[in-house]
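Single-letter residue listing:
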Number of protein chains: 2
Amino acid sequence: MSHDPSGHPAHLGRPGHSGHPGRPARIADVAALAGVSIGTASKALNDTGQLRTETRARVKAAAEQLGFVGDARARALSSGRSYTVGMVTTDSFGRFTMPVLLGAEDALSAGEVMVLVADTRDDHVREAHYLRSLVSRGVDGIIVTGRSADARPPIEVPVPVPVVYALTPSTSDADVSVTLDDAAGAAAAATHVLGLGRRRVAVVTGPVTARSAELRAAGARSVLGDRMTGEPLFGDWSERWGRRAVDQLDRTHGRVDAVVCGNDQIARGVCDRLRETGRSVPADVAVTGYDDWDVVALASRPPLTTVDMRLDELGRIAGRSLLELVAGGRPASTAVTPTLVVRESTAGA
Amino acid sequence: MSHDPSGHPAHLGRPGHSGHPGRPARIADVAALAGVSIGTASKALNDTGQLRTETRARVKAAAEQLGFVGDARARALSSGRSYTVGMVTTDSFGRFTMPVLLGAEDALSAGEVMVLVADTRDDHVREAHYLRSLVSRGVDGIIVTGRSADARPPIEVPVPVPVVYALTPSTSDADVSVTLDDAAGAAAAATHVLGLGRRRVAVVTGPVTARSAELRAAGARSVLGDRMTGEPLFGDWSERWGRRAVDQLDRTHGRVDAVVCGNDQIARGVCDRLRETGRSVPADVAVTGYDDWDVVALASRPPLTTVDMRLDELGRIAGRSLLELVAGGRPASTAVTPTLVVRESTAGA
C-alpha cells in the first residue's frame, strides 16, 4: 500500500473525520479504508447479505474509525419510514402537556424515533400549516395533545397518517385516544379521607364548565355518598377561590372534617384560610389536592396529599400506541388511572 | 380524452387523493392530470426552469386538486439541508427551558424549519446517543439548553454542525451563546425600590453556589450602594427560605423598608412572613421577586413586582442565530436584558 497521503485509505484512518476536514465520512470512505466495494460495505453496515464475519467486522471497524454516522434521511427514503413523529399541541407544551411530551419521547426513543414539535397556539390556520409540513416530512405518525380533557375534532391531514390523541381525546370513536381517569383520581382521594375516619367531607373544585372539574366532583361523590356534606362547590382553579371556599363552607355547609379539592391550588388556598381562621390541618380538617404540581403541593403549609396524574405514563402509552399503529397494529383507546400521594395535609390526622 | 376510470387523469381529479385510496398523490399523478411530463411538473412546482406561465399554473392547480404535498425528505437530500434542527436539553424542558423551546420554534418556523427535541436527563451517554442520532438525520444545526446559567463544556459531535447554546452558555468563547443578563434584572428591581424612596434595602437570594444567585446579588448591590442594609442573605430558592430570611433579617439587619429577592418563591415567603408578623406589604416593606412565574407571582399575597426573564425572546434570538450560522453568517454571542413587571408588592407604596 502506498503512503501517498492524497486520498489513500491509510490517510483516512484518523478518528472523527474523513480526510476532508469538515466533510462527514461517506460510505465510499469506509469501503476504501476496509478495502471492499461500496456494496459490500453497505451490506456489512446494514447486517444484510452473505459476508464473511471477518469482512463485516473490518467494515464496522473502519466505520467506527472514521466516525461514519450514515444518513438517516437516505435510510428513511429506502425504508419508507422517517423514524420521526410529530407532536402537535394547542397548549404551548405547558404544565400539562410537557410531561406528556417527555413520556412520549421516552417511549419513542426506545424505537429510535425522534419527536418533531409543533405548537399551534390554538390557531386553526397554524395547525393546518404544521400538519401539512409534518406530512411533507414523511412523519411516521402524529400525537395530538392539548391542555384540556374536553374532546376535540379529529385533525385534518392531506394524506392518511397514524394519529394518537393524548390527554385531549378525539370526538371520533374511530380514533385512538389516551386519556386520564379523572373520576378515579378523585375517588382515590375521597376513599383516603374516609379511611382516616372523616365523615363530614366537603368537595371544592374548578369551573362548572370544565369536564375535569365535573368528573372529579362526580368521582368524589360516588365514594362519599352521604358522607359528602352539602353540594360540591364549583369556582375556578385558584388559591384565591380555595380561600373563599372555606368562608362559603362555614356559612352554608356547617362543620367539615375534610375537604377534597379539584386541584392543588384550591387545596393550598383552603389550607391557608383554615389556618388563618384558627383550624389545624390535618388535625381539625384533612385536605387533599389534585395534580401533584410540586411548586404548589410542596410549598403548601402543610405539604399536600394529592393525586399524581401520571402524565408521563400517559405520554409513554401514547408513544407506544403510535408505534403500534405505525407497525400496522390496532391499539385500543385507554384511560390512565392516577395514583394518590400522601403528605402532611392528611397524614397523621 | 378517454373516460375509462382505470388510471385516467380525469379519475385523479378528486380532491385529497390520488385515485389510489390511502396512497399520497405522487408527482407522476400531478403530471398526468396536468398533461405534462414529470420533469415539467417538477420545474413548475419548484419554480425553476423556463416554462409558460399558463403551464406552471396548470401544474400547480393539478397539485392543489390532488392534495399533492411533495416530499420534504427528497427535497432535503437534493438541497443538502433537512430544514430540521435539534434541541438538546439537560432540563427535561422544565420551567426555564420550555419558553426557550417555544421561542426558538417561533423563530425557526418562520424559516420553515422544525425542531426535533431530545431530553438527555443529564446523562452523558444519552446525550452522545442523541447527538449521533441528530447528526445522522442531517439536522441543519443544534440548540443546546439547560436549567442553569452555569457554563457547560461544548457538545461533542461526530461531524461539524452549527450549534447555539441557549440559557446555559458554552465554556468556549468560540461558541455562540445566548444568555440572560441576571445582574441587569436585579439592578432594575433595586432601581425601582430606590425610586419609591426606600433607603434600607435587604437582599435575599438563592444558593451561594448558583451563578444566577451571585449575579443577582451583585446586580442589586451595584445599584443600592450604602442603601443596602447588611450583606445579602444566601439560602435556597424556596418559600420556606423566604419566611426564615425575614426572621434572620429581624435579628441581624434591623429595620428594612424593602427586600429585593432572588426569585419569586423567596419573595412570596418573605411577603407571607412579613404579614404574619404584623407588617404590611408594600406600605411598611416593599418586596420584589425574580422570574415572573405566574403560579407563584400572581398567587402571592400581594401579587409580586418581579423580573420577567424574557426566556421566549432568548429562545427566539437563539433560533435566529442558528439560522444565521446555517446560512454561513457569524452571529455574536448575546445577553438578553430582563424587564421589570410592577405589581402590588411595590405599587402604591
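Residues numbered from 1 in each chain as written. Chains lettered and ligands numbered in written order. Predicted model: local features only at pLDDT ≥ 70, side-chain atom pairs only at ≥ 80, totals over all residues. Heavy atoms only, no water.

A.B. asks: Lay out the sheet that holds strand β9 (residues 286-288) of chain A with the relevant residues and their values.
C.D. replies: Residue and element names in this part refer to chain A. One open sheet holds the four strands; their spatial order is β7-β6-β8-β9, and the pairing between them is parallel. Edge positions in the open sheet fall to β7 (233-234) and β9, since each of these has one partner strand only. Inspection of the sheet shows strand β8 (residues 258-261) paired to β9 by three bridges, in the parallel sense. When the bridges of β9 are listed, valine 260 appears paired with threonine 288. The strands touched by helix α9 (residues 211-224) within the sheet are β6 (201-205), β7 and β8, with β6 carrying the most contacts at an inclination of about 170 degrees. (Pairing = 2+ DSSP bridges. Helix = DSSP H or I, 4+ residues; strand = E, 2+ residues; numbered from the N terminus. Contact = heavy atoms within 4.5 Å. Axes fitted to C-alpha atoms, helices over the stretch in contact; angles between N-to-C directions.)

A.B. asks: Quick one: what's the story with the pairing of strand β5 (residues 176-180) of chain A, residue by residue and with numbers?
C.D. replies: Residues and elements named next belong to chain A. Of all the five residues making up β5, five are buried; the element is thus mostly covered by neighbouring parts of the structure. Residues Val176, Val178 and Leu180 line one face of β5 and the alternating positions Ser177 and Thr179 line the opposite face, and both faces are buried. Sheet analysis places strand β4 (residues 163-166) next to β5, joined by three bridges and oriented parallel. Each bridged residue has a counterpart across the sheet, and for tyrosine 165 the counterpart in β5 is serine 177. Both β5 and strand β11 (residues 334-336) contribute to a ladder of three bridges, which runs parallel. In the sheet register, leucine 180 faces β11, and the bridge partner there is valine 336. (Buried < 20%, exposed > 50% of the residue type's maximum accessible area, 1.4 Å probe, protein only.)

A.B. asks: Can you lay out the packing of helix α8 (residues 182-195) of chain A against α9(A) for me, pointing to particular residues and giving the numbers?
C.D. replies: Residue and element names in this part refer to chain A. Two elements in contact, α8 and α9, have axes whose closest approach is 7 Å; the angle formed by their N-to-C orientations is 40 degrees. With respect to α9, the axis of α8 lies oblique. When you trace α8 past α9, the crossing you get is right-handed. Mapping the contact onto sequence places Asp182, Ala183, Ala186, Ala187, Ala190, Thr191 and Leu194 in α8 and Ser212, Leu215, Arg216, Gly219, Ala220, Val223 and Leu224 in α9. Its residues assigned to classes, the contact of α8 with α9 shows nine nonpolar, three polar and two charged. (Parallel < 35°, antiparallel > 145°, perpendicular 65-115°, else oblique. Left-handed = near helix turned anticlockwise from the far one by under 90°. Nonpolar A, V, L, I, M, F, W, Y, C, P; charged D, E, K, R; others polar.)

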